[in-house]
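In case you want the letters, here they are:
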Amino acid sequence: MRLSKGQIVNSRSRTTPCTSPYSLVAADFTGNGQMGLAVANFGDNNLSAFLGNGDGTFTPASGSPVAVGQSPIAIVAGDFTGSGRTGLATANLGDSTISVLLQQ
């Protein structure tokens, strides 16, 4: 999608193998300057990560999807350890937990 004078001039959609995608976050997960997406999948109790290709398309990240708690409803990205690497955290409604996923 590009915005031109406040209007969407090009959009792309991608079908993901997810049940009930509920929330998403955009971040540079690899440090290459390309924005990726991570999706909290409410119905699958996991999150899916997609790496940006730099042209508006995305590729599933290796090891994705990743299990989290029950019924994740929110997701955030951040450097939770000060390592310079982007991690992910979900808020899980079904079991009243949070899940934190750190890059190694």
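All of these numbers come straight from a predicted model, not from anything done at the bench.

### A word on the layout of surface pockets
- Size it by volume and the second largest pocket reaches roughly 330 Å³.
- Lining the second largest pocket are 16 residues, and of these Ala49, Ser62, Val66, Leu88 and Gln103 lie nearest its centre.
- Of all the secondary-structure elements, those providing two or more residues to the lining of the second largest pocket are β5 (46-52) and β9 (87-92).
- With 3 residues, the single largest contributor to the lining of the second largest pocket is β5.
- Its residues assigned to classes, the lining of the second largest pocket comprises 9 nonpolar, 7 polar and no charged.

### Focus on the pairing of strand β10 (residues 97-101)
- In this structure, β9 lies alongside β10, joined through 5 bridges in antiparallel fashion. Paired with leucine 88 across the bridge in β10 is leucine 101.
- Counting the residues in the hairpin turn of β9 and β10 gives 4 residues, including serine 96, whose phi is positive at 50°.

### Focus: the confidence of the model for the protein chain
- For the protein chain, mean pLDDT is 88; residues scoring 70 or higher make up 84% of the total.
- For the protein chain, strand β1 (residues 2-4) is the element with the lowest average pLDDT, namely 49, and β9 is the one with the highest, namely 98.

### Some thoughts on the side chain of serine 71
- In this fold, serine 71 is placed in the loop between β7 (66-67) and β8 (72-78).
- For serine 71, a relative accessible area of 15% corresponds to the buried category.
- With residues near it in sequence (within four places) discarded, serine 71 still touches Phe42, Asn45, Ala91, Asn92, Leu93 and Gly94.

### Section: the sheet that holds β8
- A sheet is described by the order of its strands in space; here 3 strands give the open sequence β8-β9-β10, paired in antiparallel fashion. A single partner strand is all that each edge strand has here, and the edge strands are β8 and β10. The mean inter-strand angle of the sheet, taken between neighbouring strand axes irrespective of direction, is 20°.
- In this structure, β8 lies alongside β9, joined through 6 bridges in antiparallel fashion. Across the sheet, valine 76 pairs through a bridge with alanine 89, a residue of β9.

### Brief notes about the environment of isoleucine 75
- On the secondary structure map, isoleucine 75 appears in strand β8.
- As for isoleucine 75 and isoleucine 98, which are separated by 23 residues in sequence, their C-alpha atoms are 9.6 Å apart.

### Points about a nonpolar patch on the surface
- Among the surface-exposed residues, Val76, Phe80, Ile98, Val100 and Leu102 lie close enough to one another that they form a single nonpolar patch of about 480 Å² accessible area.
- Assessed through its relative accessible area of 64%, isoleucine 98 is described here as exposed.

The rules behind the values
- Residues numbered from 1 in each chain as written.
- Predicted model: local features only at pLDDT ≥ 70, side-chain atom pairs only at ≥ 80, totals over all residues.
- Heavy atoms only, no water.
- 1 Å grid on protein atoms, 1.4 Å probe; cavity = no way out; pocket = protein on both sides within 12 Å on 5 of 7 lines; lining within 4 Å.
- Points joined across faces, edges and corners; volume = space filled by probe spheres on them.
- Helix = DSSP H or I, 4+ residues; strand = E, 2+ residues; numbered from the N terminus.
- Nonpolar A, V, L, I, M, F, W, Y, C, P; charged D, E, K, R; others polar.
- Pairing = 2+ DSSP bridges.
- pLDDT = per-residue confidence, 0-100.
- Buried < 20%, exposed > 50% of the residue type's maximum accessible area, 1.4 Å probe, protein only.
- Contact = heavy atoms within 4.5 Å.
- Axes fitted to C-alpha atoms, helices over the stretch in contact; angles between N-to-C directions.
- Patch = residues over 30% accessible without salt bridge, like charges linked within 9 Å, V, L, I, M, F, W, Y side chains within 5 Å.
- Areas by Shrake-Rupley, 256 points an atom, 1.4 Å probe, with all protein chains shown as cover.
- Salt bridge = Lys/Arg side-chain N within 4 Å of Asp/Glu carboxyl O.

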